[in-house]
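# Per-entry structural report
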Amino acid sequence: MDFQLSKEQEFVRKMVREFAENEVEPIAADVDKEHRFPEENVKKMGELGMLGIPFPKELGGTGGDNLAYAITVEELSRVCASTGVICSAHTSLCCWPIFNFGNDEQKQKYLPDLLSGKKLGAFGLTEPNAGTDAGGQQTKAEDKGDHWLLNGSKVFITNGGYADVFVVMAMTDKSKRTRGISSFIVEKGYEGFSIGKTEDKMGICGSSTTELVFQNCKVPKENLLGNIGDGFKVAMATLDGGRIGIASQALGIAQGAFDVTLEYMKSRRQFGRRLADMESLRFDMAELKTRIDAARLLIYRAASMKDAHVPYGPESAMAKYFASETAMYVTTKCVQLHGGYGYTKDYPVERMMRDAKITEIYEGTTEAQKLVIAASVFGK
Amino acid sequence: MTFKIVVCAKQVPDTNEIKIDPVKKTLIREGVPSILNHDDANALEEALKIKDKYPDTHITVVSMGPPQAKDLLIECLAMGADEAVLASDRALGGSDTWATSNAIAAAVEKLGGYDLIFAGRQAIDGDTAQVGPQMAEKLGIPQVTYVKEFEIAEDMKTITVKRALEDGYELIKIKTPCMLTAIKELNTPRYMTVGGIYDAVAKDIPVWGAADLGVDPDKEVGLDASPTNVYRSFTPVPKGQGVMLEADSEKEVADKLLVGLKSKHVI
């Protein structure tokens, strides 16, 4: 086993950290407070290659790997979880399914602009009545000969209000349940496609989470992604990879909270001593550090397995389950270590604690991860 | 015709993280991260800006240091430089500024022609600001130090720079080939790009020793050939803070100044 990052991965971390500390961190509190999508930084991230990491250069990607991508989401999320999930949803949930299931024409048409960040991507699976039960899709796609006609709606769509390209699941044959779902590439501006309600959330307030509404939305025939009836398979495979992104986001949040708490403990004095000199609090930090590192190793293993093209479903589920619970545990503890100040918006740990919670819910709840892991333990 | 730029860069300890050994009075370098010297990053950025505007520009970064200084060159390539060379050899170790400029000037000559050499004003570890100017003397080209603003004519033959001095500025027109040293006010260095990192790590970075450079370890480079050596490092005692005199009129300020100077027996 080799626990060393490659030279490339080390440099990606250095570069993203510099970018995150100089450009992302200074506006993170405002982005949260104003519920503002950080468009200016997303544009810069595209120019610097952060929105097309694990894809080949021929298609406009950087030729990097999934571990470098995980590190990127981690470092962005270390200072701003909203910025982290913008990168994650775009890369894992939109670029990847087009790259993996798209035909040559689809790849040539969509990937160069997506991977260079000229366009932003999103993914539409969840519906008001189809959350963890993703098979219960209501959105319909009818074959109209020269086009598909989509009707229905999607909710909780990350990047919804700012994306240009959407990978959307819809029922092409309801009688076949999950085997009757197909996936489509939908562009912003298609007739009959609109953005509905924007969610007012507890955390990741800089991330745009919206409803997608399809009312007799005409989708060109050639925008079917994969074969008819493959939609559920496309969605599940996409989410296997997406979990690495969200796990990395959770890891970044935990590491960020840990780092600011460490600095706080070095300066905060009570009873004539720094918090950093009090043994029980030092032990708290030792525990947090161990949990964070354990999460990191699970994530890096899953990403390395994806890079090695070996099955990694249960491993990414374990990484996501453990990292998201770690993020919640660590941020809660970090607020406690800050005392009353931690509960105020003068310090970033309360934001980090609010941001952490979503990682236990989206792209598969903790319970959904346990389903995947249990199935690998007991057989299906 | 391709405009050839050589950028000189040095890997230095991150002074934000550095501590001084209280007994030996030397820098504690152990465990201190290494970074691209700030002023050198400004020099590279200005070269990259020329390349942005005039794509037929070739940038080579030259550094001297231990083998791990290759990391700094990878960083420069990932920012957009075309090529990088490292002068590294046991025989070069312990070089003072005179010996270092001998080695780097030799490396620049070995590279072949150049139109512009851009270096940082000084390195944050030694703070000498000597290597750039010494190189220019040895290569026999004109030099301008402390460059704050830079403009190159379209024919790429003349450069106009604003030179920042303690008490004002100089506006200087200089012909290429020449040597300039950059200060941090010149620009804001760009980030590496992810794609640039993957290309940079894959690139071959030649390492040149004393023999490749054609320099004599007994007379030109290394500890023994260095005419100076560090006698002692110490933290200077901070000077007292200045006093701002304020009053309603210039006359009152002048009065206060006179009283102050007299009380200290300056006048």
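Attention now goes to the overall build of chain A. Helices and strands together make up the secondary structure of chain A, namely ten helices and ten strands. Radius of gyration (C-alpha) of chain A: 21 Å, near the 21 Å computed for a compact globule of 380 residues. Within chain A, the fraction of its 380 residues that count as buried is 54%. Taking contacts inside chain A between residues at least 6 apart in sequence as the whole, the part at least 24 apart equals 74%.

This brings us to the overall build of chain B. For chain B, the count of helices and strands is seven helices and 13 strands. In terms of overall dimensions, chain B has a C-alpha envelope of 65 × 50 × 40 Å along the principal axes. Each of the 267 residues in chain B was classed as buried or not, and the buried ones make up 40%.

What follows is about the interface of chain A and chain B. On the side of chain B, ten residues touch chain A, which itself brings 14 residues to the contact. Within the side of chain A that touches chain B, the residues separate by chemical class into seven nonpolar, four polar and three charged.

Here we come to the domain arrangement of chain A. Residues and elements named next belong to chain A. According to the domain assignment, chain A contains domain 1 (7-115), domain 2 (121-231) and domain 3 (233-378). Distance from the C-alpha centre of domain 2 to the C-alpha centre of domain 3: 30 Å. Taken together, the contact between domain 2 and domain 3 spans 13 residues of the former and ten residues of the latter. Looking at the side of domain 2 that touches domain 3 residue by residue, the class counts come to seven nonpolar, five polar and one charged.

In this section: the pairing of strand β11 (residues 168-175) of chain B. Residue and element names in this part refer to chain B. Along β11, only zero of the eight residues are buried, which leaves the element largely exposed. Across eight bridges, strand β10 (residues 158-165) lies against β11 in antiparallel orientation. The residue bridging Leu-165 from the neighbouring strand is Gly-168, located in β11. From the end of β10 to the start of β11, which pair antiparallel, there are two residues.

What follows covers the sheet that holds strand β9 (residues 143-152) of chain B. Residue and element names in this part refer to chain B. Pairing is mixed across the open sheet formed by nine strands, whose spatial order is β11-β10-β9-β12-β8-β1-β6-β7-β13. Strands at the two margins of the open sheet, each flanked by one partner only, are β11 and β13 (207-208). Alignment of strand β1 (residues 3-8) against strand β6 (residues 57-64), held across six bridges, turns out to be parallel. Each residue of the ladder has a partner; that of Val-7, found in β6, is Val-61.

Another aspect to go through is the packing of helix α3 (residues 66-79) of chain A against helix α6 (residues 231-267) of chain A. If you want to describe how two helices pack, look at the angle between their axes and the distance between the axes. All names here are of chain A. Axis separation between α3 and α6 bottoms out at 7 Å; the angle between their running directions is 40 degrees. Here α6 runs oblique to α3, going by the angle between their axes. For the crossing formed where α3 meets α6, the hand is right-handed. Facing α3, whose interface residues are Asn-66, Ala-70, Val-73, Glu-74, Glu-75, Leu-76, Ser-77, Arg-78 and Val-79, α6 presents Ile-244, Gly-245, Ser-248, Gln-249, Leu-251, Gly-252, Ile-253, Gln-255 and Gly-256. Here the residues of the contact of α3 with α6 are counted per class, giving seven nonpolar, eight polar and three charged.

Attention shifts here to the nonpolar core. Counting 187 residues, the largest nonpolar core has Ile-299 of chain A together with Val-7, Leu-44, Cys-76, Ala-103 and Ile-104 of chain B as the members making the most contacts within it. The element best represented in this core is α6 of chain A, accounting for 15 residues. Discounting residues that sit within four places of it in the chain, Ile-104 of chain B has contacts with Cys-8, Val-62, Met-64, Ala-87, Val-131 and Met-135 of chain B.

This next bit is on the environment of Gly-252 of chain A. Residue and element names in this part refer to chain A. One can find Gly-252 in helix α6. Considered as a pair, Gly-252 and Gly-84 are 168 residues apart in the sequence and their alpha carbons are 8.4 Å apart. Here Gly-252 is in contact with Val-73, Glu-74, Glu-75, Leu-76, Ser-77, Arg-78 and Gly-84, once residues within four sequence places are set aside.

Quick look at helix α3 (residues 97-111) of chain B now. Residue and element names in this part refer to chain B. The end-to-end C-alpha separation of α3 is 21 Å, in line with the 21 Å expected for 15 residues at 1.5 Å each. When you tally the buried positions in α3, you get eleven out of 15 residues, the bulk of the element. Buried within α3 are the following residues: Thr-97, Ala-99, Thr-100, Ser-101, Asn-102, Ala-103, Ile-104, Ala-105, Ala-106, Ala-107 and Val-108. Looking one or two residues beyond α3, the residue adopting positive phi is Gly-112, at roughly 100 degrees.

Residue and element names in this part refer to chain A. By the secondary structure assignment, Ser-77 is in helix α3. For the pair formed by Ser-77 and Ile-27, sequence separation is 50 residues and the distance between their alpha carbons is 13 Å. Not counting residues up to four positions away in its chain, the partners in contact with Ser-77 are Gly-84, Ser-248, Gln-249, Gly-252, Ile-253 and Gly-256.

All names here are of chain A. Taking 1.5 Å per residue, 37 residues should reach 54 Å; α6 reaches 54 Å between its end C-alpha atoms and fits that length. Of all bends in α6, the biggest is about 30 degrees, found at Gly-241. Burial of α6 is extensive: 28 of the 37 residues sit out of reach of the surface.

Before going further, it helps to spend a moment on the environment of Ser-95 of chain B. Residue and element names in this part refer to chain B. Mapping Ser-95 onto the fold places it in the loop between β7 (83-87) and α3. C-alpha separation for the pair Ser-95 and Pro-217, spaced 122 residues apart in sequence, amounts to 9.9 Å. Residues contacting Ser-95, with those up to four places away along its chain left out, are Thr-100, Ala-103, Val-221, Gly-222 and Ser-226.

A cis amide bond links Thr-176 of chain B with the next residue in sequence, Pro-177 of chain B, at an omega value of 0 degrees. Mapped onto the secondary structure, Pro-177 of chain B falls in the loop between β11 and β12 (178-182). Even without glycine at this site, Phe-271 of chain A takes up a positive phi of about 55 degrees. Following the sequence through the fold, Phe-271 of chain A ends up in the loop between β9 (269-270) and β10 (273-274). Among the residues examined, Phe-271 of chain A registers 7 C-beta atoms within 10 Å and is labelled exposed. One non-glycine residue, Tyr-146 of chain B, adopts positive backbone phi at about 55 degrees. Among the structural elements, Tyr-146 of chain B can be located in strand β9. The class for Tyr-146 of chain B is buried, based on 22 C-beta atoms found within 10 Å.

Parameters at a glance
Residues numbered from 1 in each chain as written. Chains lettered and ligands numbered in written order. Predicted model: local features only at pLDDT ≥ 70, side-chain atom pairs only at ≥ 80, totals over all residues. Helix = DSSP H or I, 4+ residues; strand = E, 2+ residues; numbered from the N terminus. Rg over C-alpha atoms; globule rule 2.2 N^0.38 Å. Buried ≥ 20, exposed ≤ 12 C-beta atoms within 10 Å, placed from the backbone. Contact = placed C-beta atoms within 7 Å. Nonpolar A, V, L, I, M, F, W, Y, C, P; charged D, E, K, R; others polar. Domains from an automatic or database assignment. Pairing = 2+ DSSP bridges. Axes fitted to C-alpha atoms, helices over the stretch in contact; angles between N-to-C directions. Parallel < 35°, antiparallel > 145°, perpendicular 65-115°, else oblique. Left-handed = near helix turned anticlockwise from the far one by under 90°. Core = buried A, V, L, I, M, F, W, Y, C linked by C-beta atoms within 7 Å. Expected span 1.5 Å × (residues − 1). Bend = angle between axes of the 7 residues up to and from the residue.

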